[in-house]
Every structure is written in C-alpha cells, then in structure tokens.
Amino acid sequence: MEFKQTQLDNGLTIIAEVMPAAKSMAMGFFVRTGSRDETPEVSGVSHFLEHMMFKGTDKRTVWDVNLEFDRMGAQYNAFTSEENTVYYAAVLPEFQSQILDLWADLMRPALRQEDFDTEKGVICEEIAMYQDMPHFDVLDRCRKLHFADHGCGNSVLGTVESIQAMQRDQMHEYFSRRYSPDNIVLSCAGKLDWDALVAQANELCGHWEPSNAERSLVDFPGTAVQEVFQNDKVTREHVCLIAAAPSAQSPMRYAASLLANVIGDDTGSRLYWALVDSALADSADLEYEPLDGTGAFYAYVSCDPDQTSKVLGIVSECLAKVRQEGITEKELQAAKNKISSSVTLQGELPMGRLVPLGFGWTYRKEYRPLADELVALNAVTLDEINELLKQYPLENITRLGLGPIASI
Amino acid sequence: MLQQQTEVHRLSNGLTLVAEIMPQVSSAAFAFLTPAGVGRDPENLTGTASILSDLTFRGAGDYDNRGLNEALDNLGLSRGSSTSSLHTRYSGALVGDKLIDVLEIYADVLCRPQLANDQFEMCKMLAIQNIESLEDDPRQKISLLTQEQYLPFPFGRPSIGKMEDVQKCSLSDVRAYWQKWYTPQTTILAVAGNIDFDALRDRVESLFGDWQGDGVEALPQGQRDYGYVHHHNDGAQVHIGVMYDSVHFCDEDYYKALGASSILSGGMGSRLFTEVREKRALCYAVGASHQIIGPFGAVRCYLGSSPEQAQEGLDVLLAELLKLSEGVSQDELDRAKVGLRASLIMQGESSGARALHCASDFYHLERVRSLSEIEDAINDLTVDDILDYATTYKPQNFSITTLGPTELKVNV
C-alpha cells in the first residue's frame, strides 16, 4: 500500500491510497460544503444541488449519465451532510479512466431549468419519507435546537417551502461559490494507476476556476435548551440529547470516539447495560461526531412514552457517573478492541478506505495509514479520557423529545 | 479468472463446516445457519425464535450475561443475529487470528445457553417494544406486511412476532423450542477469511462434535396469495410493497431471473428508476429485487410515494413489470451483466459477504458455487434468455400491500 498526493495549479487536491492487491477501486469527489454553508433563503440547496449534479452537463444528458454509470457496473451514490457533499463510486480497475471522465464532467453541471423543476418533486418526496421516520426527525430537530444560529444546526433537506421557492439561479450562484477546486479533494483507494489518474485529472479539472470558497470555523458549545415536540402520530418516545465534543481537528478525537463507545455502543456499553439490557428502552446509544471546528456527542433513546422520565433520569445518572468517576481500564481496552476491529474490517475494502481518506484530508490536510490510526487509537490513556471529560464534561445538554407526550 | 479455495467438512452429528480461505485479508467472518426459523415457531407463538436468539446471548456455559458480552466485546467481535422464515442466523466478523476464541464462546451460546427466567422476561419486554416500534418505521412494517400477505403460512410469519403471541410466550415455550430446533442436523457453519482450515476443522470438531439433536423436517408448502390489501396509517407517504412469482435458486432459469431483475432495478439507468423517479418524480425510493424465501422464488418491489402521487406511481410500476416481456435491448442486458459482474467481484473482497454467500449456497445447493462459475453464467446470458424468462414468468398475479393514508386501485 502506498499513499500519493498532489495538487493542481487551481488548488484541486488529489490523493490516493494505492492497493495493488485489491480487485476494485473507489473514487470520490469530496466537496467541503453542506447545509452549514447555506443562507436561510436557500435552505436545502446543498442537498438539492447534489441531486442536480447527476442531471447532466453540456456534454451529457441525464439519461447519458445514468447509462454510463451502469455500463461500468459502478456502485455509486452521493451524500450531503451539514458540512460535506461527497460523490463516490466503486468500479473495477479497468474503468478508472472512464469513471474519472464521467465524475469530472459532472462536477461542472448544466443545471437545466427543466431538470431543476422536475427534481423538486423528488426532493419533496425525500422530505416526506423522512417525516415518516421519527428516529431521523428527532435528530434533525435536536441539531437545530442545539446549534441554533450556528450553521451546523441547518437542516440538510430544507423544507418543502424552501425547496419550492428556490430558483435555479440561486443554486447556480451557490455552486459557483462552493464548488471551487480549492474546496474539493479527489480521493481514490484501491487498485489504480496514479500517474494516469493525475494526468487525466489535470486535463479534465485543471481549467476549473478557483473562487476561494471559505467557511467560518466557530466552535459552539450548544444552547442546552430542552424541549418537547409532541406528535400523537408517533408511537414511541424518541429522545435526542446533544453535548459539546472535540472538533475533527482536535487531537482529542480518538479519546472522544473511545469514550462514546464506552458510554453508548450498541453492545456492552453503559447505556446498553442500564437501559437496553434491562428492557427499559429498545434503543439507547451515544455517538461522537467530529465536525469542522466544532463537535458533538449525540445520544438517542427510544422508549415507552410512560417510561420517558425514568429512562432520562438513568441517562443523566449514567453521564454524571462518567463525569465524576471516569471509566475503567477494562472498559477502555474493550472499546479499543471493538473500534480497532471494525476499522480493520472496513479498511480491507477500497470503498471502506475511501471515506476516512477523503475526510482526513478535507478536515486536517493529513494522511494517516490505517496502521497509524490504530496506533493512535490504542495509545489513548485513562488520563487522556479524564482530560477530555474535564474539557467536555457531557454537561449543558440540549434535549428534544419527539412522541406522544406533552412534557418530560 | 476469479480464483478461490473452498473447503467442506461434515461432522458426524450433521453439522457442516463450509470455509473459504482468503489469504489476502486479515479478517475472518462467520455465519451459523440454524434451522430455527420463524416458520418453525409454535402455532400462535410467532416471535419465539427471535426471543430465543436474544436470550442465548444473556448467559451461556459458565458465562453470565455480562461476562459473555464482555468476552465477545473484548475480542472486538462485530456481531448480530437475525431470524428469517427458515433460519436463525448468527453472524460476526473480526480479526482472523481471534476466530477460534469466538467460536469457543459460540459453542456455549448455541449448545449451552442458560435460558434463565429473569433474562427471558427482559427479552420478552424488548420483543414487545420492538413490535410497538414498527409503528414508527413504516418501511420496515410494509416489508413484513408484504411478505406475510404473499407467502403461505408459515413462511410469511413476521420474525419479530405478533403482539398477542409474544405476550403469551413463556420460558418453557422458548426452552422447548431451543431443545427441538437448535440442532446440529442441517446447521451450517460458514467461515470466510484468513484462516488455517485444518486447525479450524479440528477445533470445530472438538467444540461442536458432541452436540446432539434431532433431524429437521421440511415445512409444509402452501399456496401463495395474491390480491390487494391496504393498511391505514396517517403517515406522509403511501408505502407500497409488490411481490410476484419467480424462479428458485435451484432452477436452471435462476441467472435469467437475476438478469431480468437487474434490468428492472440494477442501477440508476434501470427501468423502474428511470420511469418512476427520473421521468416523473413520483418517489424518492423505488426498487425491485429477486428473492429466495424457503422453497419460493419471487420478485419483491418497494415504492414510497406521497398520497397525491402514489396511484400514478403504482400504475407506472406495474406497467413496467408487465412490459419486460415485450422486449429487452442488448445494451440493457450488457449493463445488467457488467453490474452483476462488478458486484460479484467486489463481494469477493469482503470476508463477511463471502461467509454469507457460502452459507446460502450450501443450504440451497449443498455446494459453494465458485465466483468463476457465477461469472460465466452471467457472461453467457443473452437477450433471448431474458425474454424467455420474462415471457414464461410474466406476472399473472400480483400480491400488493400498501400502508399509508390513502387506499389505491390496482389498474391491471
């Protein structure tokens, strides 16, 4: 395995982890943009634009695009979050040149009015789909509650109203500003020809004009507001809790992922033993989400509405105990073993390496081989966990309950 | 050419070890396929197998509940168990050199679970909550409703259980079920990854060799059911499930059916995505896949669409399913073939995917198809093959289930 990196004159960074023994390759354009970079008038534009990127270019119609992906047997898709929009595909190595040709062209889309109008319908269907999923809805609403006016609280999907009101020119303006080559990383992993990749990328993307896309990086500890959103159509009580956590750039991120695992992994964690093992809740977990310049611990609980107060009392006790007493060496070791194992398994597939590789560069402009990641993870000490807890004590928690009850 | 090495070893008690050696990876994955499917749940006690699989992890052999889970976590095991019509499957993946340690614990889980009363009560309460949670997860609910409507009893029973059944399930029911259906007879242990097969075989012999249990009879085969049933809820979308007959895994037309499914729903250029979403914006999610459930082969489709658009969505979906026999282009077939081939090769890189493939193949065929065999069969498909399949298996009857605020009409 060998790491390669270069940057084109216009600022587009190209990185690759070359795995000669792999049977496939994965390629992704990682654009450092998402709902946090939107203004309220264009709420949902990052995600809507992600859909529109597949609708063709001056050279290709939407039908050409879909057929071309299928002719390579590509396993491909895209996703949009608060701060990243990622376009990715896994293909057999023989299609390296073709898949780059297609992706590079798609990164300069036509944004045709007719496609724009049609795709609004699909976006509104997607919004409706998530409305029927309270476990997703509660997270989205709680994020807004926690981050308030900080961009990380912006809804990725937007609303039916914001989507319907959006104009094609507004999307084009956003695109021109955010899809600047110096705001994009082309990341690849697997069996690939690096020299050919760079030469072709230079030819296809070298003319993209940079626009110096920027993002204000402000840390935000959260509002600590607690609310209930009553919805009689929902059967269970879904509760999301959010607390401040280290950023994606923080050296404490390894400790934070280990602490989250100890508290809220879906097997063998403190929340599991306190709530799921005892059948007080059918789901109780806590995850660490490193973000650009900030971060959050997210907990999610689903329980019988009548049990909500009791369950949340146990969650509070659990967090207070961790805050006061820390965790044990045995718990830390189990978390290391679990995360090491899953990272190793994921790293065996080119598709599994692609995302850590792309995000590593997007957030930190650094490359860490899988082996180094494992060393860093396994080097975390209890003292470092305690230091983390001092700085991020899982206090001042924002909380939202969504379900049949009116108050908690 | 795709190369691989597979090994099969049958124990005298009926357990079969199937392994694929993958020297290129450092992981190992496994899957136990036990005959404890929901189809074998006692009458009016649907959910027994599912409760039991949860209970087996709550104390086994000398491990108490906490000790067992801590031991598995310490090995870094990523694990799960799931119940289908015919099996309860225990699967997991971890770093290859720790596989034997995990199998030692699974010997306790499968052969010596404690099945304690206090833990049973917890499992039962969780099972009840899982059924309640279905109301907040309409896509999961429509999946279970669709299968239950189409498949004959007992194949379509919901593995999660029915509320009235789970509420009356007792520990003695669960114990009796374990006694009868956790048996080495017909159980398959499939392993894929970086393993020393000889050492694995010897260890499996010593761990599972003295496990004893009864033979397993095939489930009675009934008739599938067609027609339309609507279930009401006040959600934002109408969730639509459609199933219709197709061929079984063991049928000579199986690869033709796979090619046909790929033409319908393989990629974003496939027919359903193009006609329902891209041209008409009637949905976000639409798809079809070929499925094997016990002795039945079927095509299963899903479409989620808002109430104002759902009728048109269903009409377009059914029209596309019926239209397949009218013609298929060479380009469509070529796309389907390269898609199937690519996913096959990528599956070959994953120990988890290979373990499941080995288990499924051995269950249905009593051998593991090599990747080359599958690749050749895909490469050999012709337009005439697909048309032949699409004509012979043109859907005569659909089983259609909807869940949402609006009842639809079936206009075919």
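(A) Geometry of the packing of aromatic side chains. Counting across every chain of the model gives 35 aromatic pairs over all chains. For the ring pair Phe79 of chain A and Tyr88 of chain A, a centre distance of 6.1 Å and an interplane angle of 55° mean the geometry is tilted. Ring geometry for Phe208 of chain B against Trp211 of chain B: centres 6.1 Å apart, planes inclined by 50°, an arrangement best described as tilted. Classification of Phe208 of chain B by relative accessible area gives buried; the value is 0%. Aromatic rings pair up to connect Phe30, Phe32, Phe57, Tyr90, Tyr106, Tyr182, Phe208 and Trp211 of chain B into one cluster. Cation over ring: Lys180 of chain B sits above Trp181 of chain B, and NZ or CZ is 4.8 Å from the ring centre.

(B) Region of interest: the interface of chain B and chain A. Taken together, the contact between chain B and chain A spans 61 residues of the former and 62 residues of the latter. For the pair chain B and chain A, the two sides together bury roughly 5100 Å², of which 55% comes from carbon and sulfur. Where chain B touches chain A, the interface holds eight salt bridges. Note that Glu70 of chain B and Lys330 of chain A form a salt bridge whose closest N and O atoms lie 3.1 Å from each other.

(C) Summary view of unusual backbone geometry. All names here are of chain B. In this model, Phe153 is joined to Pro154 through a cis peptide bond whose omega is 5°. With respect to the helices and strands, the residue Pro154 is situated in the loop between helix 5 (138-150) and helix 6 (163-168). Phi angles above zero are rare outside glycine, and Glu366 is one such case at about 60°. Structurally, Glu366 can be placed in the loop between helix 13 (351-365) and helix 14 (371-379). The exposure class assigned to Glu366 is exposed, which follows from its relative accessible area of 54%.

(D) Spotlight on the pairing of strand 8 (residues 238-246) of chain B. Residues and elements named next belong to chain B. Here strand 8 lies mainly inside the structure; eight of its nine residues are buried. The pairing of strand 8 with strand 10 (residues 296-305) spans nine bridges and is antiparallel. Bridged to Val238 within strand 10 is Ser305. Pairing geometry for strand 8 and strand 11 (residues 399-404), over five bridges, is antiparallel. Bridged to Val242 within strand 11 is Ile400.

(E) View of the layout of surface pockets. By volume, the largest pocket amounts to about 920 Å³. In terms of lining residues, the largest pocket is bounded by 35 residues, among which Ile127, Tyr130, Gln131, Asp137 and Arg141 of chain A are the most central. Broken down by secondary-structure element, the contributors of at least two residues to the lining of the largest pocket are helix 4 (113-131), helix 5 (134-147) and helix 6 (160-165) of chain A. Per element, the largest residue contribution to the lining of the largest pocket is six residues, and it comes from helix 5 of chain A. Grouping the amino acids of the lining of the largest pocket by side-chain chemistry returns eleven nonpolar, 13 polar and eleven charged. Volume-wise, the second largest pocket comes out at about 520 Å³. In terms of lining, the second largest pocket is formed by 26 residues, of which the most central are Arg40, His87, Thr186, Tyr363 and Glu366 of chain B. Of the residues in the lining of the second largest pocket, the class split is 13 nonpolar, nine polar and four charged. Both domain 1 (5-208) and domain 2 (227-404) of chain B contribute no fewer than three residues apiece to the lining of the second largest pocket.

(F) Quick peek at the domain arrangement of chain A. All names here are of chain A. Here chain A is partitioned into domain 1 (2-205) and domain 2 (226-403). Relative placement of domain 1 and domain 2: their C-alpha centres are 27 Å apart. At the junction of the two partners, domain 1 supplies 42 residues and domain 2 supplies 36 residues. Regarding the contact of domain 1 and domain 2, the summed buried area is about 3200 Å², with carbon and sulfur atoms giving 73% of it. Our enumeration of links across domain 1 and domain 2 arrives at two salt bridges.

(G) Here's a closer look at the side chain of Thr33 of chain A. Residues and elements named next belong to chain A. Structurally, the position occupied by Thr33 is in the loop between strand 3 (25-31) and helix 1 (45-52). The buried category is assigned to Thr33, whose relative accessible area is 0%. Within the structure, Thr33 has its side chain in polar contact with the side chain of Tyr174 (distance 2.7 Å). Beyond its immediate chain neighbours, meaning those up to four positions away, Thr33 contacts Glu83, Asn84, Thr85, Tyr174, Arg178, Tyr179, Asn183 and Arg215.

(H) Fine view of the sheet that holds strand 7 (residues 226-230) of chain A. Residues and elements named next belong to chain A. On the basis of which strands lie adjacent, the open sheet formed by five strands has the order 7-11-8-10-9 and mixed pairing. At either margin of the open sheet sits one strand with a lone partner, and together these are strand 7 and strand 9 (281-290). Averaged over all neighbouring strand pairs, the angle between strand axes comes to 15°, with direction disregarded. Of the pairings in the sheet, the one linking strand 9 to strand 10 (residues 295-303) comprises nine bridges and is antiparallel in character. Each residue of the ladder has a partner; that of Ala284, found in strand 10, is Val301.

(I) A look at the domain arrangement of chain B. Residues and elements named next belong to chain B. Domain boundaries assigned for chain B yield domain 1 (5-208) and domain 2 (227-404). Using C-alpha coordinates to define each centre, domain 1 is positioned 28 Å away from domain 2. At the interface, 37 residues of domain 1 touch 40 residues of domain 2. Summing the contributions of domain 1 and of domain 2, the shared interface buries around 3000 Å²; its carbon and sulfur component is 70%. Looking only at domain 1, the three residues that lose the most surface to domain 2 are Ile142, Gln149 and Tyr150, adding up to 22% of its buried area. For the pair domain 1 and domain 2, the number of links is two salt bridges. With a shortest N-O distance of 3.8 Å, Arg10 and Glu366 are connected by a salt bridge. For the pair domain 1 and domain 2, the interface holds nine residue pairs in polar contact (both at pLDDT 80 or more). Among the secondary structure elements, those contributing two or more residues to the side of domain 1 that touches domain 2 are strand 1 (5-10), strand 2 (16-21), strand 3 (27-34), helix 5 and strand 6 (188-193). The biggest single contributor to the side of domain 1 that touches domain 2 is helix 5, with eleven residues. Residue composition of the side of domain 1 that touches domain 2, grouped by class: 21 nonpolar, eleven polar and five charged.

Conventions used here
- Residues numbered from 1 in each chain as written.
- Chains lettered and ligands numbered in written order.
- Predicted model: local features only at pLDDT ≥ 70, side-chain atom pairs only at ≥ 80, totals over all residues.
- Heavy atoms only, no water.
- Phe/Tyr/Trp six-rings, centres within 6.5 Å; stacked < 30°, edge-to-face > 60°.
- Buried < 20%, exposed > 50% of the residue type's maximum accessible area, 1.4 Å probe, protein only.
- Lys NZ or Arg CZ within 6 Å of the ring centre and 35° of its normal.
- Contact = heavy atoms within 4.5 Å.
- Buried area = accessible area lost by both parts, 1.4 Å probe.
- Salt bridge = Lys/Arg side-chain N within 4 Å of Asp/Glu carboxyl O.
- Helix = DSSP H or I, 4+ residues; strand = E, 2+ residues; numbered from the N terminus.
- Pairing = 2+ DSSP bridges.
- 1 Å grid on protein atoms, 1.4 Å probe; cavity = no way out; pocket = protein on both sides within 12 Å on 5 of 7 lines; lining within 4 Å.
- Points joined across faces, edges and corners; volume = space filled by probe spheres on them.
- Nonpolar A, V, L, I, M, F, W, Y, C, P; charged D, E, K, R; others polar.
- Domains from an automatic or database assignment.
- Polar contact = N/O pair within 3.5 Å; in protein donor to acceptor, adjacent residues only side chain to side chain.
- Axes fitted to C-alpha atoms, helices over the stretch in contact; angles between N-to-C directions.

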